Amino acid sequence: MGDLLLVTIQVDMHDQLALTLQDDLTERISRTSARGVLIDISSLQVVDSFIGRMIGNIAAMARMLDAETVLVGMKPAVAITLVELGMSLAGVRTALNVEKGMAMLQNSLKGKETFGRNTQG
Amino acid sequence: MAVILKDETAWIKSSSDIVKVRQLVRDWAIAMGFSLVEQTKIVTAASELGRNALDYGGGGEVRLEMIQNELRRGLKVTFIDQGPGIPDLEQALKDGFSTGTGMGLGLSGAKRLVSEFEIDSAAGRGTKVSITRWRNT
């Protein structure tokens, strides 16, 4: 099983910083051959449409690089606000905390490995 | 008629100013006793509108007001830019409408997050958007 990347966002990011994170992380997935990405947003008090879009982009880019993304730690007030804003982050898997997100990724990657072996013979 | 109890003005000139506006609106919402969910909604709406003012209006002014009418107290945040304005307001308020790189949720999304939403704009005349969240006293 390949490496998992854990990204903890701890500051209220301005837009340019969010774009830099998106690019850096995508590059890092490729360089490290990571199979899973865990994004921890438990410190974020606000996720607006820009940050929401960045999270969706990271998940999509990771998928194209054969890595899975799980978003963890979203605060309830953030979830309520994002849905009312019209952004339900469809296509991004979520877990309540880092531990559960990690377990989700590991299970999912284990499943892939088994599948890989079976198809090879 | 609502009276203004307190006001403050800030400026948006760069994307880091949007972060400052989020913090400022959060501070005001906390001081006014809004619940965490209410705080998050008005801060998020302000973030969307601040970004609009920057991206489409070339930056602008943000005015925060604590207002009071006969029944209740509210936080009103007004964004004013001198940009090109919005030629078709009805279209701009639709979900998914965007002339920029966003998702087109800015105006319509912000509107859903607040109690009152006012917009005044026309081609060549800049844009003024006000949002208000009331809290029961």
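The rules behind these values
- Residues numbered from 1 in each chain as written.
- Chains lettered and ligands numbered in written order.
- Predicted model: local features only at pLDDT ≥ 70, side-chain atom pairs only at ≥ 80, totals over all residues.
- Helix = DSSP H or I, 4+ residues; strand = E, 2+ residues; numbered from the N terminus.
- Rg over C-alpha atoms; globule rule 2.2 N^0.38 Å.
- Buried ≥ 20, exposed ≤ 12 C-beta atoms within 10 Å, placed from the backbone.
- Contact = placed C-beta atoms within 7 Å.
- Pairing = 2+ DSSP bridges.
- Axes fitted to C-alpha atoms, helices over the stretch in contact; angles between N-to-C directions.
- Parallel < 35°, antiparallel > 145°, perpendicular 65-115°, else oblique.
- Nonpolar A, V, L, I, M, F, W, Y, C, P; charged D, E, K, R; others polar.
- Right-handed = clockwise from strand over helix to strand, strands pointing away.

## Notes on the overall build of chain A
So, step 1. Check the secondary structure of chain A and you find 4 helices and 4 strands.
So, step 2. Reading chain A from its N terminus to its C terminus gives the helix and strand order β-α-β-α-β-α-β-α.
So, step 3. Its C-alpha atoms give chain A a radius of gyration of 15 Å, near enough to 14 Å, the size a compact globule of 121 residues would have.
So, step 4. Taking the principal axes of the C-alpha coordinates as reference, chain A spans close to 50 × 25 × 25 Å.
So, step 5. Counting only residues that meet the buried cut, chain A has 31% of its 121 residues in that class.
So, step 6. Contacts in chain A between residues at least 24 apart in sequence constitute 82% of all its contacts with a sequence separation of at least 6.

## A closer look at the pairing of strand E1 (residues 3–12) of chain B
Residues and elements named next belong to chain B.
So, step 1. Of all 10 residues that make up E1, 1 are buried, and the element is exposed over most of its length.
So, step 2. Pairing between E1 and strand E2 (residues 60–68): 9 bridges, direction antiparallel. Note that in E2 the partner of Trp11 across the bridge is Glu61.

## Considerations on the packing of helix H1 (residues 15–32) of chain A against helix H2 (residues 49–64) of chain A
Residue and element names in this part refer to chain A.
So, step 1. With their axes 10 Å apart at the nearest point, H1 and H2 run at an angle of 10 degrees to one another. Taken together, the axes of H1 and H2 lie roughly parallel to each other. Seen from H1, the contacting residues are Asp15, Ala18, Gln22, Leu25, Thr26 and Ile29; seen from H2, they are Phe50, Ile51, Met54, Asn57, Ile58, Met61 and Ala62.
So, step 2. A class-by-class count of the residues in the contact of H1 with H2 yields 9 nonpolar, 3 polar and 1 charged.

## Focus: the interface of chain B and chain A
So, step 1. Of the residues lining the interface, 23 residues belong to chain B; the matching set on chain A comes to 18 residues.
So, step 2. Sorting the residues of the side of chain B that touches chain A by element identifies helix H1 (15–31), helix H2 (36–55) and helix H4 (106–112) of chain B as the ones contributing at least two each.
So, step 3. Here the side of chain B that touches chain A gets 9 residues from one element, more than from any other, and that element is H2 of chain B.
So, step 4. Per-class residue counts for the side of chain B that touches chain A are 8 nonpolar, 9 polar and 6 charged.

## As for the pairing of strand E2 (residues 36–40) of chain A
Residue and element names in this part refer to chain A.
So, step 1. Most of E2 sits out of view: 4 of its 5 residues are buried.
So, step 2. In this sheet, E2 lies alongside strand E1 (residues 4–8) in parallel orientation, the contact comprising 5 bridges. Counterpart to Thr8 in the pairing with E2 is Asp40.
So, step 3. For the crossover that starts at E1, traverses H1 and ends in the parallel E2, the hand is right-handed.
So, step 4. Bridge analysis of E2 against strand E3 (residues 68–72) gives 5 bridges, and the strand direction is parallel.

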